[in-house]
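Commentary on secondary and tertiary structure
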Amino acid sequence: MRYLLDTNIVSELRKGTRCDPAVAAREQAELIPHGGAISVITVGEIRKGIALIAPRDPQQAARLESWLAKTSRAGSWLFLGMWLKNGGD
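Right, let's walk through the structure included here.

Looking now at the overall build of the protein chain. Along the protein chain, the regular secondary structure elements total 4 helices and 4 strands. Each helix (α) and strand (β) of the protein chain, taken in turn from the N terminus, gives the series β-α-α-β-α-α-β-β. Per-residue burial over the protein chain gives 33% buried out of 89 residues. Long-range contacts, defined as pairs at least 24 residues apart, comprise 51% of the intrachain contacts of the protein chain with a sequence gap of at least 6.

What follows is the structure, given as C-alpha cells:
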C-alpha cells in the first residue's frame, strides 16, 4: 500500500537528521517499504512556501527550489506517473 503524503510530512522528511523522531520512525517502518506519493497540490503548496520565503531569505529559497527540482527528476515518491526522489538534504 502506498501512502499519500501531506505537505507537512514532506517538509518534515526534507529536514533529514533534524526530522521529528516519530515521523522518521514512521518513514522507516512504512514509507520506505511501501512507498509514498505526493499530489500536485502538495507540490503547489511547496512552491508557494518557497515564494513566500524568497523575499526575506533568497538563499534558503534557492536551496528549496534546488531540492524541489532534484526531487522531480527521479527516486521514491510517485507523482503524476513519475518517480520522485526523497531529497532529504
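Past the structure itself, the notes keep going.
One pass over the full model with this rule turns up 3 salt bridges. A salt bridge links glutamate 12 to lysine 15; the shortest N-O distance between them is 3.0 Å. Take glutamate 12: its relative accessible area is 16%, and that puts it in the buried class.

Within the largest apolar cluster, 15 residues are counted, with the highest numbers of intra-cluster contacts made by Leu5, Val10, Leu13, Ile46 and Ile50. If you list the elements that add at least two residues to this core, you get α1 (7–14), α2 (21–34), α3 (40–53) and α4 (58–71).

Moving on: the environment of proline 33. Looking at the secondary structure, you find proline 33 in helix α2. By relative accessible area, which is 53% here, proline 33 ends up exposed. Distance from proline 33 to arginine 2, taken between C-alpha atoms, is 9.2 Å for residues 31 residues apart in sequence. If we skip the residues at most four places from it in the chain, proline 33 touches Glu27 and Gln28.

About the cut-offs
Residues numbered from 1 in each chain as written. Predicted model: local features only at pLDDT ≥ 70, side-chain atom pairs only at ≥ 80, totals over all residues. Heavy atoms only, no water. Helix = DSSP H or I, 4+ residues; strand = E, 2+ residues; numbered from the N terminus. Buried < 20%, exposed > 50% of the residue type's maximum accessible area, 1.4 Å probe, protein only. Contact = heavy atoms within 4.5 Å. Salt bridge = Lys/Arg side-chain N within 4 Å of Asp/Glu carboxyl O. Core = buried A, V, L, I, M, F, W, Y, C linked by side-chain atoms within 4.5 Å.

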